[in-house]
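# What the coordinates show
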Amino acid sequence: MQKLQGIAVSPGVAVGEALVMDNEGFRIPRRFVARDAVEHELERLEAAIRAAGEEIDGNRQAISRELGEQYGAVFSAHLQMLRDPNLRAELESMIRERHYSPEYAVSRALRRYAKVFQAIESSYLAERANDIYDIEKRLLRNLLGRNREELAQLISPVIVLARNLTPSETANLNRKFVRGFATEIGGPGSHTAIVAEGLEIPAVVGVGEFLTDVSGGDVVIIDGDHGLVILQPDEETIAHYRHEAEQNISRAARLETLRELPAETADGVRIELLGNIEFPHEVSHCMARGSDGIGLYRTEFLYLGSACEPDEEVHYSAYARVTEEMAGRPVVIRTCDLGADKDTHDAVTTPNPALGLRSIRLSLKNLPLFRTQLRAVLRASALGDLRLMFPLITTLLELRQAKMVLADVMEDLDDEGVAFNRELSVGMMVEVPAAVLMIDHFVDEVDFVSIGTNDLTQYTLAADRSNKDVAGLYSSVDPAVLRLIQMAIAAADRKSVPVNVCGQMSGNSLYTMLLLGMGLRRFSVTPSVIPEIKKVCRTVKIPHCQQVAQRVMTMENSRDIKSYLREELKKILPELVL
Ligand code: PEP
Ligand code: MG
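Residues numbered from 1 in each chain as written. Chains lettered and ligands numbered in written order. Predicted model: local features only at pLDDT ≥ 70, side-chain atom pairs only at ≥ 80, totals over all residues. Heavy atoms only, no water.

## With respect to the coordination of the magnesium ion (ligand 2)
- Bound to the magnesium ion (ligand 2) on the protein side are Glu431 (OE) and Asp455 (OD), at distances that span 2.0 to 2.1 Å. One end of the pair, Glu431, is in the loop between β14 (425-430) and α15 (433-437); the other, Asp455, is in helix α17 (residues 453-461), with 24 residues separating them in the sequence. Side by side, Glu431 and Asp455 carry an identical accessibility label, which is buried. (Donors = N, O, S within 2.8 Å, 3.2 Å for Na, K, Ca; no water. Helix = DSSP H or I, 4+ residues; strand = E, 2+ residues; numbered from the N terminus. Buried < 20%, exposed > 50% of the residue type's maximum accessible area, 1.4 Å probe, protein only.)

Okay, here's the thing in structure tokens:
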């Protein structure tokens with residue numbers, strides 16, 4: 001049994017068979033083959049080597065013709081490696097004697113060679129490791145002949161283990177069969193993590209390299225509460241986790257009984273609990289949990305995973321559906337927040353995408369895209385209590401420019417005689433430190449603000465929310481981040497501008513008392529955690545929360561703050577502290 005520690009990003013536990021995706025999205029099947037299949041597997045390997053050799057030779061000839069013999073020579077070296085008799089003998093013995101599948105043998109042998117090259121202190125030789133990976137990929141492609149598409153064609157329950165999953169790949173996971181997932185890279189605030197929570201799939205990211213230690217079909221456990229991945233678990237551990245899964249179900253059922261009760265503190269202060277969604281169908285999750293509305297609709301998911309750019313009708317039908325299904329409750333539509341880890345072509349190819357042309361910056365640079373979305377939002381505003389929010393606002397000029405485009409689109413709709421809500425409430429995300437520092441000006445120009453603690457944390461601490469290597473630094477209860485949150489809440493309160501927190505922090509019950517004590521009365525969270533947050537709200541009194549917040553604001557680091565808040569929560573609701 002092997003226990004690996006990663007970053008817990010989506011709660012719950014899952015026990016099941018592994019589906020292993022390698023770096024290139026290839027599915028690595030079972031490690032072993034049956035004794036009587038060995039000859040057939042050797043033939044498959046032979047055919048794959050032959051086909052890969054023909055491909056490489058084809059490349060060599062084409063490049064030599066176009067650029068000259070010396071460039072084609074790179075491929076001659078690849079051919080030599082591929083056809084090396086020692087390699088062939090090693091692969092054959094792995095298949096014949098250890099009964100490894102050809103795919104597993106190829107990955108294992110070639111990665112071992114690559115590691116040897118990487119360890120050599122010569123940059124020239126270290127770079128040759130890439131040539132070896134290239135040969136590995138080519139052989140796997142020929143052996144498997146299919147790729148990641150398979151994730152969409154599952155027929156039995158699996159636990160997906162992958163190098164990485166993008167937010168749109170995660171969004172497209174088949175909820176019926178994918179019971180959990182773990183990735184080698186990824187950080188605590190990534191959108192992959194957020195989508196996993198929305199889908200209610202237990203997930204662990206940032207585990208570090210482990211895919212070579214596991215093969216398809218092995219039993220694995222994902223512990224999304226503690227960030228653990230357990231390979232080859234023993235019977236006792238499996239039994240423990242099966243019991244844990246049952247307990248989670250009964251705890252969720254107990255909390256479900258709160259559904260019809262208001263989110264009101266024990267001393268009678270009404271709290272608004274809103275849901276965060278990425279897709280229209282998540283409205284049903286919000287309604288089932290008794291949410292007071294939608295506090296954040298991440299509309300960029302209309303673009304992610306879709307082959308073509310959504311037109312006005314695609315936007316409109318999504319917004320109309322959400323607004324109508326929420327039946328009069330407020331729905332905050334955030335304009336497109338593409339870029340950074342919610343990739344666009346530019347973001348992937350540009351260095352520092354989180355500091356680049358993302359979010360509102362992208363919308364203001366691409367006015368046809370922005371106007372199309374605004375037209376759809378305005379049209380849907382005639383159907384219910386729909387509100388509009390701009391993401392990643394950094395300067396006042398940016399906000400004014402966005403509002404000017406909105407006014408212009410309103411004029412067009414007026415001219416066309418199209419109905420919309422002229423009094424549409426317009427707000428902004430506060431998720432860049434610059435916006436907090438200028439918050440007293442911003443609150444004069446918006447109807448509401450929503451604090452995006454995911455980005456605010458990343459930009460305040462200069463720690464990429466998607467990078468596991470700085471996950472220890474990335475904390476929304478770092479004292480520096482808390483000071484900014486406090487400033488934003490205080491400025492909004494002074495001007496009686498409604499303020500919400502829609503970053504992941506507000507869905508963590510460990511932080512509910514703190515946020516209430518800081519003056520927050522609106523939380524926008526992943527729908528599945530609404531009952532838990534409501535439970536905390538209904539248990540506490542505001543003066544006690546204020547004392548907790550005052551104490552926290554005197555503390556110097558996030559580790560102490562977290563352990564203090566854990567103790568405080570344990571005193572009132574021990575069952576929520578895992
Ligand atoms: C945030 O940054 O806190 C936020 C809610 O937006 P997103 O996670 O979509 O960037
Ligand atoms: Mg954000």
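## Side note on the site of ligand 1
- Residues in contact with ligand 1 amount to 16 residues; listed here are only the nearest, Arg298, Arg334, Gly452, Asn454 and Arg465.
- Take Glu431: an N or O atom from its side chain is 2.9 Å from an oxygen atom of ligand 1.
- Measuring from an oxygen atom of ligand 1, one finds a backbone N or O atom of Gly452 at 3.3 Å.
- The protein chains hide 100% of the 280 Å² of surface that ligand 1 would expose on its own.
- For the shell around ligand 1, the secondary structure elements donating two or more residues are α7 (191-199), β11 (294-298) and α17. (Near = heavy atom within 4 Å. Polar contact = N/O pair within 3.5 Å; in protein donor to acceptor, adjacent residues only side chain to side chain. Areas by Shrake-Rupley, 256 points an atom, 1.4 Å probe, with all protein chains shown as cover.)

## Remarks on unusual backbone geometry
- Positive phi outside glycine occurs at Ser359, with the angle close to 60°.
- Here Ser359 lies in helix α12 (residues 359-365).
- One non-glycine residue with positive phi stands out, namely Ser496, at about 55°.
- The exposed category is assigned to Ser496, whose relative accessible area is 63%.

## A closer look at the environment of Asp478
- With respect to the secondary-structure elements, Asp478 resides in the loop between α17 and α18 (479-494).
- Given the relative accessible area of 18%, Asp478 is considered buried.
- A sequence separation of 17 residues divides Asp478 from Leu461, and the C-alpha atoms of the two residues are 8.6 Å apart.
- When sequence neighbours within four positions are dropped, the list of residues in contact with Asp478 reads Leu461 and Ser558. (Contact = heavy atoms within 4.5 Å.)

## A look at helix α3 (residues 85-98)
- Taking 1.5 Å per residue, 14 residues should reach 20 Å; α3 reaches 19 Å between its end C-alpha atoms and fits that length.
- Listed as buried for α3 are Leu87, Glu90, Leu91, Met94 and Ile95. Angularly, the buried residues of α3 cover 125° about the axis, an arc narrow enough to put them on a single face. The exposed set on the far side of α3, more than 90 degrees from its buried face, consists of Pro85, Asn86 and Glu97.
- The inward-facing, buried residues of α3 abut α1 (38-67), α2 (69-82) and α4 (102-119).
- Phi turns positive one or two residues past the end of α3, at His99, with a value near 60°. (Expected span 1.5 Å × (residues − 1). Arc of directions from axis to C-beta.)

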